[in-house]
Amino acid sequence: MIDLKNEVASLISSSVEALDLDTVYGLLEYPPDEKLGDVSLPCFKLSKTMRKAPPAIAAELSAAIDVTDSVFERVEVVGGYLNFFISHAEFAKSVISDVISSENYGSSTMGNGKTVVFDYSSPNIAKPLHIGHLPSTVLGNSLYRIYSYLGYNSVGVNHLGDWGTQFGTMIVAYKKWGSKEEVEKGGVKELVRLYVKFHKEEENDPSLRDQARATFAALENGDKEAYELWSWFRDLSIQECKRIYDILGVEFDHYTGESFYEDKMMPVVEELRQKNLLVESEGAQIVDLSEYNMPPCIVLKSDGGTIYATRDLAAILYRKKTFDFDKCIYLTATQQNLHFKQIFKVTELMGYEWAKNLIHAPFGMISLATGESMSTRSGVTIWLEDVINQATAKTLEIIKEKNPDMENKEAIAKQMGVGAVIFSSLSTSRIKDVSFSWEDALNFDGETGPYVQYTHARACSVLRKAENVTGNITKLTEDAEYRVARVLYDFPAKIVAAMENNEPSVITRYVIDLSREFNRFYHDCQINTDDEEVKQTRLAITLAVKQVLSKGLWLIGLEAPERV
Ligand code: ARG
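What comes next concerns the included structure.

Cut-offs and rules
Residues numbered from 1 in each chain as written. Predicted model: local features only at pLDDT ≥ 70, side-chain atom pairs only at ≥ 80, totals over all residues. Heavy atoms only, no water. Helix = DSSP H or I, 4+ residues; strand = E, 2+ residues; numbered from the N terminus. Buried < 20%, exposed > 50% of the residue type's maximum accessible area, 1.4 Å probe, protein only. Areas by Shrake-Rupley, 256 points an atom, 1.4 Å probe, with all protein chains shown as cover. Lys, Arg positive; Asp, Glu negative; His and termini not counted. Charge placed at Lys NZ, Arg CZ, Asp CG, Glu CD. Patch = residues over 30% accessible without salt bridge, like charges linked within 9 Å, V, L, I, M, F, W, Y side chains within 5 Å. Salt bridge = Lys/Arg side-chain N within 4 Å of Asp/Glu carboxyl O. Phe/Tyr/Trp six-rings, centres within 6.5 Å; stacked < 30°, edge-to-face > 60°. Lys NZ or Arg CZ within 6 Å of the ring centre and 35° of its normal. Near = heavy atom within 4 Å. Polar contact = N/O pair within 3.5 Å; in protein donor to acceptor, adjacent residues only side chain to side chain. Arc of directions from axis to C-beta. Contact = heavy atoms within 4.5 Å. Pairing = 2+ DSSP bridges. Axes fitted to C-alpha atoms, helices over the stretch in contact; angles between N-to-C directions. Parallel < 35°, antiparallel > 145°, perpendicular 65-115°, else oblique. Left-handed = near helix turned anticlockwise from the far one by under 90°. Core = buried A, V, L, I, M, F, W, Y, C linked by side-chain atoms within 4.5 Å.

## A closer look at the overall build of the protein chain
Alright, step 1. Tallying secondary structure elements over the protein chain gives 20 helices and twelve strands in all.
Alright, step 2. Across the 564 residues that make up the protein chain, the buried fraction comes to 52%.
Alright, step 3. Put simply, the protein chain shows about 25,900 Å² of open surface, and 47% of that area lies on carbon and sulfur atoms.
Alright, step 4. Side-chain charges of the protein chain comprise 60 positive and 81 negative groups, with the mean position of each set lying 2 Å from the other.

In structure tokens form, the structure reads like this:
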């Protein structure tokens with residue numbers, strides 16, 4: 001694979017003895033404006049060792065190197081900069097042949113031997129997935145793929161919220177107002193009905209709260225009836241979640257939820273005690289974090305019960321022991337920033353230097369454009385499945401209108417409807433707050449998943465129509481051809497940037513850019529021409545674009561249909 005910085009660094013280091021490859025490589029930049037070249041060497045940092053003014057250094061280097069036989073066409077000295085300009089044809093040729101000849105363009109071995117655990121989706125169960133679960137689910141799934149592509153061993157964990165007082169609530173509500181038949185019939189939606197009813201009734205009868213607490217305590221103490229109901233509700237919920245994950249194309253290696261740590265918490269509490277980290281406060285056992293400007297991390301409540309943080313601490317130690325991770329990355333909304341800061345700090349205070357490899361990658365909150373705040377309790381929610389169904393129905397309408405004779409319309413509509421939903425969730429940088437509106441969710445114009453999928457299908461169709469595609473790139477004639485190659489060149493670096501920042505939006509933006517550049521090329525350059533060399537060159541470009549779009553879509557969790 002060609003690496004422009006490497007080309008420049010080796011040109012310079014092989015002609016100038018005083019400069020070694022790594023030093024030069026580290027100084028190189030990609031100029032913001034192409035008029036300033038494609039790669040640039042700022043000579044300012046060299047002036048100390050070379051004892052000359054930067055412009056003089058630039059001039060000296062320029063005289064020393066010879067660009068014939070390189071991908072560069074010329075060098076220019078501008079002030080203290082030495083600017084390299086690539087030869088468009090040579091460069092495009094080399095990039096496009098790189099893409100077509102490699103099975104997994106942009107993949108890498110940089111992560112080999114390293115394990116990364118992803119904690120994503122992790123819904124509180126006994127209710128269906130709602131729109132608020134979308135970002136964590138699709139971010140985690142995409143990062144899982146991005147890291148795997150770079151050679152890491154990715155481990156996907158769904159840390160289900162399947163333990164805690166809300167299960168006491170569910171059991172009480174079920175016993176008071178529910179029935180086996182209704183739950184069997186209505187599934188998780190029936191559980192939600194019971195949950196909402198509980199909170200309504202609770203307003204008039206506060207003792208319900210105590211009953212729920214007592215029931216959860218019974219569950220924790222192994223009460224058989226409570227356990228059986230809990231485990232039934234849990235199975236139902238997981239089944240329901242899996243159905244939606246299937247539609248989204250999302251998978252997990254482990255469904256180890258909070259309940260999984262029930263028997264792993266006391267050893268952690270003991271360890272904290274032995275390390276003198278626990279103090280009593282108002283009857284509760286806490287780790288004092290005031291020195292770090294944080295409220296205390298509660299480990300045991302005053303009634304001796306464990307909480308969310310206790311289970312997360314147990315999970316951290318379990319994961320380290322089980323997976324020996326290099327990084328463990330949590331995808332949740334910014335709301336939980338403090339929680340993660342606290343438990344990561346506690347891990348560090350326990351003496352684990354690897355606590356620095358625990359990473360919270362937060363994302364902005366989803367609110368409703370109507371201004372209402374979302375809450376299952378009050379019954380104001382947008383179920384994820386409804387969003388997917390509506391997006392799919394809308395795609396089907398569009399397909400029926402534009403392409404009435406197409407085969408398996410339903411399947412394609414699903415791929416694109418789901419694609420639209422995932423893509424929109426990944427298209428802004430993680431941290432931005434988003435407000436959900438049906439209008440935006442169902443607006444497929446512009447920079448959307450379906451636009452990229454459509455472009456991919458267009459490339460497929462061009463290739464299908466050509467009798468043969470040799471992959472020979474012998475005659476580049478138009479600037480639009482080079483432009484496509486220039487964007488293709490960026491793909492490997494974008495994947496690394498997406499990984500380093502845990503930011504799949506780098507890829508969503510990239511596939512849009514590539515689609516736009518390809519569509520421009522498609523518009524400007526006739527592919528099916530009489531000049532066989534030009535034609536084969538353009539087909540090769542089309543093939544390279546098809547391959548990279550399909551990989552790019554895969555990295556963000558979208559299907560790449562061949563016909564739309
Ligand atoms: N169940 C939590 C929620 O819905 C998210 C869990 C995130 N993962 C974790 N290990 N705490 O807010």
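That shown, we press on.
## So, unusual backbone geometry
Alright, step 1. In the Ramachandran plot, D69 falls in the positive-phi region, its phi being about 70° despite a non-glycine side chain.
Alright, step 2. Take D69: it is sitting in the loop between α4 (54-64) and β2 (72-78).
Alright, step 3. Residue classification places D69 among the exposed residues on the basis of a relative accessible area of 84%.
Alright, step 4. Phi angles above zero are rare outside glycine, and D324 is one such case at about 45°.
Alright, step 5. Residue position: D324 is located in the loop between α12 (308-323) and β9 (327-330).
Alright, step 6. For D324, a relative accessible area of 52% translates into the label exposed.

## Describing a nonpolar patch on the surface
Alright, step 1. On the surface, F44, V78 and Y81 cluster together into a nonpolar patch covering about 250 Å² of accessible area.
Alright, step 2. Note that Y81 resides in strand β3 (residues 81-86).
Alright, step 3. Taking relative accessible area as the criterion, Y81 reaches 33% and is therefore assigned partly exposed.

## A closer look at the packing of aromatic side chains
Alright, step 1. Taken as a whole and judged by the stated rule, the model has 29 aromatic pairs.
Alright, step 2. Centre to centre, the rings of Y149 and W554 are 6.3 Å apart; their planes meet at 55°, and the pair counts as tilted. Here W554 lies in helix α20 (residues 532-555) and Y149 lies in helix α6 (residues 134-149), a separation of 405 residues in the sequence.
Alright, step 3. Each ring, one from F340 and one from F344, has its centre 5.7 Å from the other, and the planes form 45°; the classification is tilted. Highlighted residues: F340 and F344, both in helix α13 (residues 337-349), separated by four residues, approximately one helical turn.
Alright, step 4. For K242, the ring lying beneath its charged end belongs to Y255, and the centroid distance is 4.7 Å.

## As for the site of the ligand
Alright, step 1. Contacts to the ligand come from D119, S122, N124, H159, Y308, D312, Y330, T332, Q336 and F340.
Alright, step 2. Within the backbone of S122, one N or O atom sits 2.8 Å away from a nitrogen atom of the ligand.
Alright, step 3. In the environment of the ligand, a nitrogen atom lies 2.7 Å from a nitrogen or oxygen atom belonging to the side chain of D312.
Alright, step 4. Taken by itself the ligand offers 350 Å² of open surface, and the protein chains cover 87% of this.

## What about α4?
Alright, step 1. Within α4 the residues assigned to the buried category are P54, I57, A58 and L61. Along the axis of α4, the buried residues cluster in a sector spanning 100°; they form a single face.
Alright, step 2. Residues of α4 that are buried in the fold lie against α1 (4-15), β1 (39-42), α3 (47-50), β2 and β3.

## Describing the side chain of E202
Alright, step 1. Note that E202 resides in helix α8 (residues 180-204).
Alright, step 2. The exposure class assigned to E202 is buried, which follows from its relative accessible area of 17%.
Alright, step 3. Excluding residues that lie within four positions of it along the chain, E202 makes contacts with L208 and R209.

## Quick word on the sheet that holds β3
Alright, step 1. Taking strand neighbours across the sheet as the criterion, the three strands line up as β1-β3-β2 in an open arrangement whose pairing is antiparallel. The open sheet has two edge strands with one neighbour each: β1 and β2. When the angles between neighbouring strand axes are averaged without regard to direction, this sheet yields 15°.
Alright, step 2. Of the pairings in the sheet, the one linking β1 to β3 comprises four bridges and is antiparallel in character. Counted as the bridge partner of V39 is F84 from β3.

## Some points on the packing of helix α5 (residues 88-101) against helix α18 (residues 479-500)
Alright, step 1. Packing of α5 against α18 leaves a shortest axis separation of 9 Å and a crossing angle of 50°. The angle between the axes of α5 and α18 places the two elements in the oblique class. Of the two elements, α5 crosses α18, and the hand of that crossing is left-handed. On the side of α5, the interface is formed by H88, F91, A92, V95, I96 and V99, while α18 contributes D479, Y482, A485, R486, L488 and Y489.

## As for the sheet that holds strand β7 (residues 284-287)
Alright, step 1. One open sheet accounts for three strands, arranged β6-β7-β8; its pairing is antiparallel. Looking at strand neighbours, the two that pair on one side only are β6 (278-281) and β8 (297-300), the edges of this open sheet. On average, each strand axis in the sheet is tilted by 45° relative to the strand beside it, whichever way the strands run.
Alright, step 2. Packing against the sheet, helix α11 (residues 265-274) makes contact with β6, β7 and β8, and its axis sits at approximately 120° to β8.

## A closer look at the nonpolar core
Alright, step 1. With 113 residues, the main nonpolar core has I12, L41, F72 and L488 as its most contacted residues.
Alright, step 2. If sequence neighbours within four positions are ignored, L488 has contacts with V95, I96, V99, Y105, Y510, L514, A544, V545 and V548.
Alright, step 3. Listed in part, the 34 residues of the second largest apolar core include V155, V269, L272 and L277.

## Looking at the side chain of R538
Alright, step 1. By the element assignment, R538 lies in helix α20.
Alright, step 2. Among the residues examined, R538 registers a relative accessible area of 6% and is labelled buried.
Alright, step 3. Only 2.6 Å separates the side chain of R538 from the backbone oxygen of Q526, close enough to count as a polar contact.

## Looking at the pairing of β7
Alright, step 1. Burial of β7 is two-sided: the residues A284 and I286 facing one way and the residues Q285 and V287 facing the other way are all buried.
Alright, step 2. Bridging between β6 and β7 involves four bridges; their strand directions are antiparallel. Paired with S281 across the two strands is A284, which belongs to β7.
Alright, step 3. Between β6 and β7, which pair antiparallel one after the other, the connecting turn spans two residues, and E282 there sits at a positive phi close to 50°.
Alright, step 4. Across three bridges, the pairing between β7 and β8 is antiparallel. The residue bridging V287 from the neighbouring strand is C297, located in β8.

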